[in-house]
Amino acid sequence: MSRADVMPERHGVRDDELEAEALRHWLAKTWDAPKGLVGALSSVDHKVIARRYLITAFVFLCLGGLNAVAMRVQLSGPERGLIGPDLYNQLFTMHGITMMFLFAVPIMQATGIYLVPLMVGTRNIAFPRLTAFSYWIYVSGGIFAWVSFALNIGPDVGWFGYVPLSGPEFGPGKRADVWAQMITYTEVSSLAVAVATIVTVFKQRAPGMSLDRIPLYVWAMLVTSFVIVFAMPAVMIASTFLILDRLVGTHIFNPVEGGDALLFQHLFWFFGHPEVYIIFLPATGMVSMIIPAFARRPVFGYLPLVLALISVGILSFGLWVHHMFTTGLPKLGASFFTASSMLIAIPNGLQIFCWLATLWEGRPILKTPLLFVLGFFFIFVAGGLTGVMLASVPLDLQVHDTYFVVAHFHYVLIGGAVFPLLGATYFWFPKLTGRMMSERLGRWHFWLAFVGFNAAFFPMHIVGLWGMPRRVYTYPVELGWGNINLFITAGALLFFFSFVLFTINLILSARNGKPAGDNPWDAGTLEWATSSPPPSYNFTKIPVVTHAEPLWAERWALPVAEGLRVDARELLISSVAEAHPEVREKSAAPSIWPFPAALAVGGTFIGSIFTPWAVVWGSVPIAITLVGWFWPKDVPEDVE
Amino acid sequence: MKVLARVGLTSCAGFLTGCSGVQSALDPHGPAGEELARLIWSFTALCTVIWLMVMGVLAVALVRRRRQAADPLETDVQSEHAASRAVLMAVVATGLVLVCLTVLSFFANRTLAGIGADAELTIEVTGYQWWWAVRYENSEPSRIVTTANEIHIPSGEPVRLVLKSQDVIHSFWVPALHGKLDLVPGVVNTLTLQADRNGTYRGQCAEYCGAQHAHMGVLVIAQPRVEFDAWYEAQLQNAAEPSSELARQGRDLFLNRPCVMCHKVQGTVAASNAGPELTHVASRKTLAAGTLSMSRGNLAAWIADPQSIKPGTRMPTMNLTGDELNAIVAYVETLK
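Residues numbered from 1 in each chain as written. Chains lettered and ligands numbered in written order. Predicted model: local features only at pLDDT ≥ 70, side-chain atom pairs only at ≥ 80, totals over all residues. Heavy atoms only, no water.

**Brief notes about the overall build of chain A**
Then, in step 1: Helices and strands together make up the secondary structure of chain A, namely 19 helices and 4 strands.
Then, in step 2: Expected size for 640 residues packed as a compact globule is a radius of gyration near 26 Å; at 25 Å, chain A falls within 12% of this value.
Then, in step 3: Principal-axis analysis of the C-alpha atoms places the extent of chain A at approximately 80 × 60 × 50 Å.
Then, in step 4: Counting every position in chain A, which comprises 640 residues, the buried fraction comes to 65%.
Then, in step 5: Relative to all contacts within chain A whose residues are 6 or more apart in sequence, the contacts with residues 24 or more apart total 80%. (Helix = DSSP H or I, 4+ residues; strand = E, 2+ residues; numbered from the N terminus. Rg over C-alpha atoms; globule rule 2.2 N^0.38 Å. Buried < 20%, exposed > 50% of the residue type's maximum accessible area, 1.4 Å probe, protein only. Contact = heavy atoms within 4.5 Å.)

As structure tokens, then:
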């Protein structure tokens, strides 16, 4: 039956036949999360899930930060006996995996879970149950790793878990297994969110939001999600092979039996380098949103910025070997990776230039979010330039695995991702809570963080060139690294203290911050078109987009699309390129099943540390929970 | 002003190179190290200039005067065009700088590859958790020298290092002489080392290799050819017969205790390769892979309780009595 044959019958209550008050009432009734504990565990509201994600990731940030403080105290002087090698090696491993897998990637994805549906003007994320599932997987993976650490079986193989050190012969006990399975947890959860994000961006954009009107942050999350989809399977193979070597007795990485230790590094870094961009690209999206709002003009070079995002996403898969320049690879091959690593500086440079042009052509207002973006420029550009140094094979031979590299990637990850993230927190906090953050505390926070960061990490470049390798729990007196390390520790403590101030600001502002209103910064994108915090249904009526900055183009009244049912969870599905409305589709209702499904999957992961049979027996509860999850509902779907 | 600048520069340079010359990439003592230091400085200089330029533009962008406009969508077509041209030029300039850096890097790599193609001496260095086995190759088996944690080389001559690993991945790195190269099980890597000046150059493992990664140091001692030859001949000798009664007791204890399970003392029945060779251990400058300097006190402390000095080391604590310890230390001290 084609559309021309019959006019679809009008079912249910539609949003075009109700007064404003009644409409909000209906929408709230349909979309509000159920009450009680079961209701809370069943919630599929992207904002609720994202909030949980954000808070959890913040807790892990604090824990990872405490790891760092402990390490810095141990390193504050030569031959200090505060922390022994066994604990220290667990500390730097936990710091790495916590910051990478439990803080940076999840918090970037969580921000996307919150903001992407709002920015594209839809009522919920695609696959909301999958998103809920991913949160439960993520939080149980994090708890698993930290409980292991508390029980003194925390991983001690570094965040990269190289074989043979993590293999069956040299990694006795369960520590390396904890590492491998923690990786598996986070792979599953981030893949799930990546898929949901891609589908939301492709199919749920508000009518009129053609590809050239998608906010740059949404573009960044889209590219990031694709990078996740292609990168994560590589590390999944690495960690699974490792588990097989350890548990089943395969010899995939054992050179004595014809395996290959370097294969692990290739698999790991094929994921590991894109991982950096999984963290960095969302941050560039944040920068691209904050700068226009405070420079009071649209971003300069929208198209080049989109192309830069896409090319960084693609190029990020071509540089993994620069993490392996010292393994003795053939010279010609290594030189190719010098060129490709240098190449990625071009799209990254292009982004920087476009942002500079936006500020140059705009009328910048120095509020805290923009301050953090300026800090981002200062630190990230330096980190990018040291990255260019690392791309050179011969230069890398001297600085690889030294504190120079530690300095470099903290400049890139903290400068390139955390500073924009902090700016984004000050920027979107009013949307999440309905209250402004304190500007005064914000400025204090910025300056402390900025000075503390540079004091802690700049000297690391120098001590690295002086010959100090990474991952050492102590160093001899004679080498003269004591004073500079003491200075670094002081800087690190200052940096840590800035986060204490940040936490205070968060708590105080959430309680008694100034009420924000819908659009406190007078920004141009759709998330500011709804109330702060947004209602469960996001928008009373789906907006129609006529411009890349819809709120600036349609200052007085946003045009809206009508005809969605309000007595059912209906979304508008639109075409990929032009965002023409195509069908009305029901969004999944709250369900308790993702929670037990995540427990079943997590239980299987933990069990498989001890016996391969866990995979067999674990599949039974997983199957049961999935049957419950996907139990057919007798409602028609996809109404045109 | 000029004087001030000069003082600033020299103290800065002193700060950058002076403090830890013995293991610093900025204080090179061989052709490879020098080439690498040059490369580091030229990259640093270029990158600093670029960073300053970007920051300059940012600063001007923030403070420059401009007319006010109420509507954020109102943009000036002409100045947008100018900005487009500027961005385009900046991208082209970035590309050119990158090409320049890539070419610099390629040439440096070629220079490194060309050093010491004619090396006569080949030394096999094998990584163990957490020490280095060193073996001087020779076509005559009786002239092969084995030692540990200390590599003697003739200055001014290139020496080929063959790098292997017995357990996990390690990385050999003596910053003053050359960049690092990994020791990967199942892989054989070669590195050419050359020191232009006599001296002792410290290095340490640069790839995380487990509990005592921090205490896996190595010394490269460059000496004139004559001294090197003399050292080599001395290393070929069997361990000297202990002269004192105490040392003889010590030797007997050594040979009847678990020591022989791991160590080799040439000229005795101790012949295991699991731990560092001890035939001439007392002639070395350090103990336990650079963990302690060689002295009677440190030797006694190490043998009495290695686990508290280097927790996790493969050497067990052996519960010796004071007399036994004294005797063994006296014996090991004779192993010059």
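**Quick look at helix α8 (residues 261–295) of chain A**
Residues and elements named next belong to chain A.
Then, in step 1: With 35 residues, α8 should reach 51 Å at 1.5 Å per residue; the first-to-last C-alpha distance of 51 Å fits that figure.
Then, in step 2: The largest bend in α8 is about 30°, located at Trp 269.
Then, in step 3: The buried count for α8 comes to 32 of 35 residues, which makes it a mostly enclosed element.
Then, in step 4: Two or three places before Leu 262, at the start of α8, stands the capping residue Asp 260, its side-chain oxygen 2.9 Å from that residue's backbone nitrogen.
Then, in step 5: Arg 296 lies just past α8 and shows a positive phi near 55°. (Expected span 1.5 Å × (residues − 1). Bend = angle between axes of the 7 residues up to and from the residue. Polar contact = N/O pair within 3.5 Å; in protein donor to acceptor, adjacent residues only side chain to side chain.)

**Looking at the nonpolar core**
Soluble globular proteins tend to pack their nonpolar side chains together in the buried interior.
Then, in step 1: One finds A:Phe377 and B:Phe172 to be the most contacted residues of the largest nonpolar core, which totals 275 residues.
Then, in step 2: By size, the runner-up hydrophobic cluster in this structure holds 24 residues, among which are B:Phe254, B:Val281, B:Leu320 and B:Ile328. (Core = buried A, V, L, I, M, F, W, Y, C linked by side-chain atoms within 4.5 Å.)

**Some details on unusual backbone geometry**
Then, in step 1: Here the residue pair A:Val163 and A:Pro164 is connected by a cis peptide bond, since its omega of 0° sits within 30 degrees of zero.
Then, in step 2: Its place among the elements puts A:Pro164 in the loop between α5 (128–150) and α6 (175–203).
Then, in step 3: Note that the residue after A:Ser532, namely A:Pro533, is joined by a cis bond; omega there is -10°.
Then, in step 4: Within the fold, A:Pro533 resides in the loop between α16 (482–512) and β1 (542–543).
Then, in step 5: Not every positive phi belongs to a glycine, and A:Ala579 is a case in point at roughly 60°.
Then, in step 6: By the secondary structure assignment, A:Ala579 is in the loop between β3 (570–574) and β4 (581–586).
Then, in step 7: Among the residues examined, A:Ala579 registers a relative accessible area of 1% and is labelled buried.
Then, in step 8: A positive phi angle is found at B:Asn149, which is not glycine, with a value near 65°.
Then, in step 9: Locating B:Asn149 in the fold gives a position in the loop between β3 (145–148) and β4 (150–154).

**So, the confidence of the model for chain B**
Residues and elements named next belong to chain B.
Then, in step 1: Across chain B, the average pLDDT comes to 91, with 94% of residues at or above 70.
Then, in step 2: For chain B, per-element mean pLDDT is lowest for helix α1 (residues 2–17), which scores 44, and highest for strand β6 (residues 170–172), which scores 98.
Then, in step 3: In this model residues 1–20 is a low-confidence stretch, pLDDT under 50, and it forms 18 contacts with partners more than four residues away in sequence or in other chains.
Then, in step 4: Complex prediction metrics read pTM 0.95 and ipTM 0.93. (pLDDT = per-residue confidence, 0-100.)

**Some details on the packing of aromatic side chains**
Then, in step 1: Across all of its chains, the model carries 69 aromatic pairs over all chains by this definition.
Then, in step 2: Ring centres of A:Phe280 and A:Phe380 lie 4.5 Å apart, and the angle between their planes is 20°; on these two criteria the pair is classed as stacked. Here A:Phe280 is found in helix α8, whereas its partner A:Phe380 is found in helix α12 (residues 368–391), with 100 residues between them in sequence.
Then, in step 3: On the basis of relative accessible area, A:Phe280 is assigned to the buried category, the value being 4%.
Then, in step 4: Residue A:Phe380 is classed as buried on the basis of its relative accessible area, which comes to 7%.
Then, in step 5: Between A:Phe427 and A:Trp428, the ring centres sit 4.8 Å apart and the planes meet at 65°, which makes this aromatic pair edge-to-face.
Then, in step 6: The class of A:Trp428 is buried, set by a relative accessible area of 3%.
Then, in step 7: The ring of A:Trp26 is capped by A:Lys29, whose NZ or CZ atom sits 4.8 Å from the centre of that ring.
Then, in step 8: Over the ring of B:Trp173 we find B:Lys180; its NZ or CZ atom is 4.0 Å from the centre of that ring. (Phe/Tyr/Trp six-rings, centres within 6.5 Å; stacked < 30°, edge-to-face > 60°. Lys NZ or Arg CZ within 6 Å of the ring centre and 35° of its normal.)

**Brief notes about the interface of chain A and chain B**
Then, in step 1: Contact residues are listed per partner, giving 83 residues for chain A and 83 residues for chain B.
Then, in step 2: For the chain A face of the interface with chain B, the top three residues by lost area are A:Trp360, A:Gln398 and A:Trp466, together amounting to 12%.
Then, in step 3: Between B:Glu80 and A:Arg297 there is a salt bridge whose closest N-O contact spans 2.4 Å.
Then, in step 4: For the pair chain A and chain B, the number of links is 19 residue pairs in polar contact (both at pLDDT 80 or more). (Buried area = accessible area lost by both parts, 1.4 Å probe. Salt bridge = Lys/Arg side-chain N within 4 Å of Asp/Glu carboxyl O.)

**Considering the pairing of β4(B)**
Residue and element names in this part refer to chain B.
Then, in step 1: Burial analysis of β4 places 5 of its 5 residues in the buried class, which makes it a mostly covered element.
Then, in step 2: Burial of the side chains of β4 extends over both faces: Glu 150, His 152 and Pro 154 are buried on one face and Ile 151 and Ile 153 on the other.
Then, in step 3: For β4 and strand β10 (residues 217–223), the ladder comprises 5 bridges, and the chain directions are parallel. Within β10, the residue paired with Pro 154 across the bridge is Gln 223. (Pairing = 2+ DSSP bridges.)

**Thoughts on the pairing of strand β1 (residues 121–128) of chain B**
Residue and element names in this part refer to chain B.
Then, in step 1: Summarising burial for β1: 8 of the 8 residues are buried, a large majority.
Then, in step 2: Residue alternation in β1 divides its side chains into two sets, Leu 121, Ile 123, Val 125 and Gly 127 and Thr 122, Glu 124, Thr 126 and Tyr 128, and both sets are buried.
Then, in step 3: Looking at chain direction, β1 and strand β5 (residues 159–165) are connected through 7 bridges and run parallel. Bridge assignment links Gly 127 to a residue of β5, and that residue is Ser 165.
Then, in step 4: Examined bridge by bridge, β1 and strand β2 (residues 131–136) share 6 bridges and lie antiparallel to one another. For Gly 127, the partnering residue across the bridge sits in β2 and is Trp 132.
Then, in step 5: Hairpin connection of β1 to β2: 2 residues between the antiparallel strands.

**Here's the deal with the pattern of salt bridges**
Then, in step 1: Enumeration over the complete set of coordinates arrives at 27 salt bridges over all chains.
Then, in step 2: For B:Arg135, the salt bridge goes to B:Glu137, with nearest N and O atoms at 3.5 Å.
Then, in step 3: Given the relative accessible area of 28%, B:Glu137 is considered partly exposed.
Then, in step 4: Where B:Glu241 meets B:Arg251, a salt bridge forms, and the shortest distance between an N and an O atom there is 2.7 Å. One end of the pair, B:Glu241, is in the loop between α4 (225–236) and α5 (245–256); the other, B:Arg251, is in helix α5, and 10 residues separate them in sequence.
Then, in step 5: Each of A:Asp86, A:Asp156 and A:Arg175 takes part in a single network of salt bridges with overlapping partners.

**Some thoughts on the confidence of the model for chain A**
One rule of thumb: low pLDDT means the predicted coordinates there are not for detailed reading.
Then, in step 1: Averaged over every residue, the pLDDT of chain A is 94; the share at 70 or more is 97%.
Then, in step 2: Counted against residues more than four places away or in other chains, residues 1–6 of chain A, with its pLDDT under 50, gives 2 contacts.

**Comments concerning the side chain of A:Thr338**
Then, in step 1: Residue position: A:Thr338 is located in helix α10 (residues 331–343).
Then, in step 2: Residue A:Thr338 is classed as buried on the basis of its relative accessible area, which comes to 0%.
Then, in step 3: At 3.0 Å, the side chain of A:Thr338 forms a polar contact with the backbone oxygen of A:Ala391.
Then, in step 4: Polar contacts involving the side chain of A:Thr338 include one to the main-chain amide nitrogen of A:Val393, which spans 3.4 Å.
Then, in step 5: Beyond its immediate stretch of four places on either side in the chain, A:Thr338 contacts A:Phe325, A:Ala391, A:Ser392, A:Val393, B:Thr102, B:Ser105 and B:Phe106.

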